[in-house]
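Understanding the architecture of this molecule
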Amino acid sequence: MNFPHLFSPLKVGPYQLRHRLVMAPLTRMRAARPSLAPRPLNAEYYAQRATQGGLIIAEASPVLATGFGNPGVPGIYTEQQVDGWRSVVNAVHAKGGVIFLQLWHVGRVSHSSFQPGGALPVAPSAVPISPDLKTMTADGKVVAYETPRALLTSEIPGIVEAFRQGARNAMAAGFDGVEIHGANGYLIEQFLQSRSNLRTDQYGGGIENRSRLLREITQAAIEVWGANRVGVRLSPYGVANDSGEADPMPLYTHAIQSLNPLGLAYLHFIEPRSSGAGRAEVDHQNVPSAMVLFRPVWKGILISAGGFTGDTADAAIAAGHADAIAFGRIFISNPDLPHRLQRGFPLTPYNRATFYGGEEKGYTDYPAYDEMAPA
Ligand code: FNR
């Protein structure tokens, strides 16, 4: 058997996992339209990846209609969406999988064509994403990002409440827990980082204030689920969506230390070397390792993701840098990834052209490895 550390059991919150290979949250833009509810195809996709007693973190799902920046992304704020997710969860549970839902708001990583009433996207401050980065409108035009509208202080409790309701909805759908998306330059990270947060109220300024929204949202999810079924995802040193704190160490040390006493199920990092992997093939060189830097700060279960192979995942766990490793891109093209790595079977390469949107092609048609097939 390969990778004995990766394939050793782990308890995450109340869940006894049979191994430490996690499916990373992956936006695939294949929800039903216009309901943005998961559909049977989505249930089939997740069930294919749930066969080996591991943890799946389902794709980022906006908690509000203002939280979208892409077409076909599933939501978690209407009854129809909850019903759709329930079918996904039931299919995963029938295969013995454990599944958390990632709760999302994109903030300024959007375009008015996705916003209710064609309004501007909302953000901590009216700071646009660099014009060097482009986005796509709802009807497929490539454009620069707009300058977002800064949220009023009085609107922020509504954002926190939407995450609380999203957490409740995830529970109603039968999920095993939720993950707060605090990574990749989306709303929560926009509040965390000084380049996107110029606020002068209690949500801006020093690191304590910039971390406040993350804490309030996490606390709201905990009030719904209990801390041991809530995880948080962060990407210190990441550069996705024009993010990046000039000096990440004090900010993230503070943010992580303030999460420590809560007793969360886990903290989940995206390694900076793979920051932006959703958009392009990246391998940022000479960047720090989030798990190595912050393992000493974080007192709970640590999951890391980003550019791992079976070898590097096993080594990271053996070295104590992480407790579990999440895989993204190669889980897309290998529905039976744990089985393949454990048995040393070859991996199917992924096709980036079918990552986002479409039907079964590049989604549910990647086969499991057939030991009996002629090579
Ligand atoms: C992603 N990633 C991502 N991250 C996240 O927190 N929520 C999400 O919904 C998505 N969506 C998404 C879609 C696609 C198609 C890709 C490729 C990536 C990032 C992902 O979870 C993971 O951190 C990176 O892919 C790096 O891991 P791998 O792919 O190197 O194993």
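Here, the structure is the one placed above.
Residues numbered from 1 in each chain as written. Predicted model: local features only at pLDDT ≥ 70, side-chain atom pairs only at ≥ 80, totals over all residues. Heavy atoms only, no water.

Now for the overall build of the protein chain. In terms of helices and strands, the protein chain carries 11 helices and 14 strands. Judged by the C-alpha coordinates and their principal axes, the protein chain covers about 60 × 45 × 40 Å. Sorting the 375 residues of the protein chain into buried and exposed places 59% on the buried side. For the protein chain, the share of sequence-separated contacts (at least 6 apart) that also reach a separation of at least 24 residues comes to 71%. Just so you have it, the protein chain exposes about 14,100 Å², and 56% of that area is on carbon and sulfur atoms. With 32 positive and 31 negative side-chain charges, the protein chain shows a separation of 1 Å between the mean positions of the two kinds. (Helix = DSSP H or I, 4+ residues; strand = E, 2+ residues; numbered from the N terminus. Buried < 20%, exposed > 50% of the residue type's maximum accessible area, 1.4 Å probe, protein only. Contact = heavy atoms within 4.5 Å. Areas by Shrake-Rupley, 256 points an atom, 1.4 Å probe, with all protein chains shown as cover. Lys, Arg positive; Asp, Glu negative; His and termini not counted. Charge placed at Lys NZ, Arg CZ, Asp CG, Glu CD.)

So, on to the environment of glycine 182. Relative to the elements of secondary structure, glycine 182 occurs in strand 10 (residues 177-182). For glycine 182, a relative accessible area of 0% gives the class buried. For glycine 182 and leucine 213, which are 31 residues apart along the polypeptide, the C-alpha to C-alpha distance reads 9.9 Å. With near-sequence residues (within four places) excluded, glycine 182 lies in contact with Ile188, Glu189, Leu192, Arg233, Leu234 and Ser235.

Evaluation of the coordinates by the stated rule reveals 13 aromatic pairs. When the centroid spacing of 4.9 Å and the interplanar angle of 75° are considered together, the rings of tyrosine 45 and tyrosine 46 count as edge-to-face. Aromatic pair phenylalanine 355 and tyrosine 356: ring centres 6.1 Å apart, planes at 90°, arrangement edge-to-face. When its relative accessible area of 3% is taken as the criterion, phenylalanine 355 is described as buried. Ring-pair connections join several aromatic residues into one group, and the members of that group are Tyr45, Tyr46, Trp85, Phe175 and Tyr363. Above the plane of the ring of phenylalanine 308 lies arginine 273, whose end atom (NZ or CZ) is 4.7 Å from the centre. (Phe/Tyr/Trp six-rings, centres within 6.5 Å; stacked < 30°, edge-to-face > 60°. Lys NZ or Arg CZ within 6 Å of the ring centre and 35° of its normal.)

Shape descriptors only; they carry no functional weight alone.
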